[in-house]
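Structural description and commentary
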Amino acid sequence: MDDFPQFMKDSVNSIASKQQSSGVRGWIYDGVDGKQMAYWICEIDGMSKEHVHEYEEYFTVVEGMYTLVIDGQRIEMCVRDEYFIAKSVPHAGEFKAGTRTIHCFGGKRAERA
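Described below are features of the structure shown in this document.

Procedures and definitions
- Starting afresh in each chain, residues are numbered from 1 along the sequence in its written order.
- The model is predicted, so local features are restricted to residues of pLDDT at least 70 and side-chain atom pairs to those at 80 or more, both for listing and for counting; the totals for chains, interfaces and linings are taken over all residues.
- Think of the side-chain values as coming from all heavy atoms in the structure, minus any hydrogens and water.
- Pairs of strands are assigned from DSSP output, requiring at least two bridges between the strands.
- Note on conventions: DSSP H or I runs of at least 4 residues are helices, E runs of at least 2 residues are strands, and numbering of each starts at the N terminus.
- Lines fitted to C-alpha atoms define the axes, with helix axes restricted to the stretch in contact, and inter-axis angles between N-to-C directions lie between 0 and 180 degrees.
- Salt-bridge detection follows one rule: a side-chain nitrogen of Lys or Arg within 4 Å of a carboxyl oxygen of Asp or Glu.
- When accessible area is computed with a 1.4 Å probe and restricted to protein chains, residues below 20% of their type maximum are described as buried, those above 50% as exposed, and intermediate ones as partly exposed.

**Some words on the sheet that holds strand S8 (residues 91-95)**
Ordered in space as S3-S8-S5-S6, the four strands form an open sheet in which the pairing is antiparallel. A strand with exactly one partner marks an edge of an open sheet, and here the two such strands are strand S3 (46-51) and strand S6 (73-78). Adjacent strand axes in the sheet meet at a mean angle of 15° when their direction is disregarded. As paired elements, strand S5 (residues 65-70) and S6 share six bridges and run antiparallel to each other. Bridge pairing links Ile70 to Gln73 in S6.

Structure (structure tokens):
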């Protein structure tokens, strides 16, 4: 597959553009316990500025390549690679056009558009 299925990209679940990097489209789902799952499609090469969450984050690369940057260390991630980010750990990222990722957050990460 080279895209998420259409049913996963319903506009009612689109993430607000101010809460994601330029050139990235994403969708969010909420758990009853306040946790969220999100998935993104990177339409252009770009980067996610360094940021911190007050909850854990787990993610996997479904397609393409994502470079996670933690404490100056560059962690190259390809298809099927997974990573767990502990809460309060500053992190950033770089992505290539066509990259798709799925994330699970231990708290509320995003608002809908």
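Now that the structure is up, let's keep going.
**Things to note about the sheet that holds strand S1 (residues 24-30)**
On the basis of which strands lie adjacent, the open sheet formed by five strands has the order S1-S2-S9-S4-S7 and antiparallel pairing. Strand pairing shows two members of the sheet lacking a second neighbour, S1 and strand S7 (82-85), which therefore form its edges. Direction aside, neighbouring strands of the sheet carry axes that sit 20° apart on average. Sheet analysis places strand S2 (residues 36-42) next to strand S9 (residues 100-105), joined by six bridges and oriented antiparallel. Bridge pairing in S9 places Ile41 opposite Arg100.

**Overview of the pattern of salt bridges**
Scanning the model with the defined rule gives seven salt bridges in all. Measuring nitrogen to oxygen at the nearest pair gives 2.8 Å for the salt bridge that ties Glu63 to Arg100. Here Arg100 lies in strand S9 and Glu63 lies in strand S4 (residues 57-63), a separation of 37 residues in the sequence. Residue Glu63 is classed as partly exposed on the basis of its relative accessible area, which comes to 24%.

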